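# Coordinate inspection notes
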Amino acid sequence: MATLSLKVSEIFLSLQGESSRVGLPTVFVRLTGCPLRCVWCDTAYAFSGGETMALPEIVDEVARHGVHHVCVTGGEPLAQAACLPLLSVFADAGHAVSLETSGALDIGKVDARVARVVDLKAPGSGECDRNRWQNLALLTAKDELKFVLKDRADYDWARQLVRDRQLADLCPLLFSPVEGELPASTLADWVIADRLPVRFQLQLHKILWGKVRGR
């Protein structure tokens, strides 16, 4: 383990802002780098830079915060091969571990103890063709599928996927509006009107603190 290292953008303690774990005190490990360029990305600062840290350094920094939940995010965390052993080390230490991934890379080798939050890219992201559809067959009930939607066309695309592929039978589904593009109330009305089996969500951390790094 001592020889493995990762490029880390930031490590911080906050409340989980999304997913079924929303509101829980969580340590976030944001890894540097992402092969995608979604037009609405709100963490572009993680595309480059950061600090190279050995796995034991990362684990010690997370332990210092003294909370049970750990979320490994990015960027695209799976773009760094050492992300996989990092996830396992956190699980070995007894943490409740979640991984936030774009869904463009293979999730099949992620430790089975980790909850995978997989972001399916809608057409409005500009990266829809990067979706790795094989990942759907790997999802379990403890994972989650996230859709970040920019407009009605994105919503219609996601709604059709939910129905055609019976995605709600795979795992919980999350629908979020792109901030500044799609009014939250509009998306909520669409979900209600269609009785979709999804969880509507907003980014709690932005409601509480705005666009502030490390929160």
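These notes cover the structure that comes with them. (Residues numbered from 1 in each chain as written. Predicted model: local features only at pLDDT ≥ 70, side-chain atom pairs only at ≥ 80, totals over all residues. Heavy atoms only, no water.)

### Focus on the overall build of the protein chain
Scanning the protein chain from terminus to terminus reveals 5 helices and 9 strands. When the helices and strands of the protein chain are read in sequence order from the N terminus, they spell out β-β-β-α-β-α-β-β-β-α-β-α-β-α. Taking 2.2 N^0.38 as the reference for a compact globule, 215 residues should give roughly 17 Å; the C-alpha atoms of the protein chain span a radius of gyration of 17 Å, in line with that estimate. Expressed as lengths along the three principal axes of its C-alpha atoms, the size of the protein chain is roughly 50 × 35 × 30 Å. (Helix = DSSP H or I, 4+ residues; strand = E, 2+ residues; numbered from the N terminus. Rg over C-alpha atoms; globule rule 2.2 N^0.38 Å.)

### So, the nonpolar core
Formed by 50 residues in total, the largest nonpolar core has its most connected members in V29, I58, F90, L145, F147, L149 and F175. Among the elements that take part in this core, helix 2 (residues 83-92) stands out by supplying 6 residues, more than any other. Counting 7 residues, the second largest nonpolar core, distinct from the first, contains C34, C38, W40 and A104. (Core = buried A, V, L, I, M, F, W, Y, C linked by side-chain atoms within 4.5 Å. Buried < 20%, exposed > 50% of the residue type's maximum accessible area, 1.4 Å probe, protein only.)

### Focus on the pairing of strand 7 (residues 144-149)
For strand 7, a buried count of 6 out of 6 residues is recorded, marking the element as mostly surrounded by other parts of the structure. By the alternation rule, side chains of strand 7 split into E144, K146 and V148 and L145, F147 and L149, which are all buried. Taken together, the 4 bridges between strand 6 (residues 115-120) and strand 7 define a ladder with parallel strand orientation. What sits directly across from D119, in strand 7, is K146. (Pairing = 2+ DSSP bridges.)

### Thoughts on the side chain of R116
When you line up the elements, R116 lands in strand 6. At a separation of 3.1 Å, a polar atom in the side chain of R116 contacts the main-chain carbonyl oxygen of I107. In this structure, R116 is in contact with L99, I107, V110, L138, L139, T140, D143 and E144, ignoring residues within four places of it in sequence. (Polar contact = N/O pair within 3.5 Å; in protein donor to acceptor, adjacent residues only side chain to side chain. Contact = heavy atoms within 4.5 Å.)

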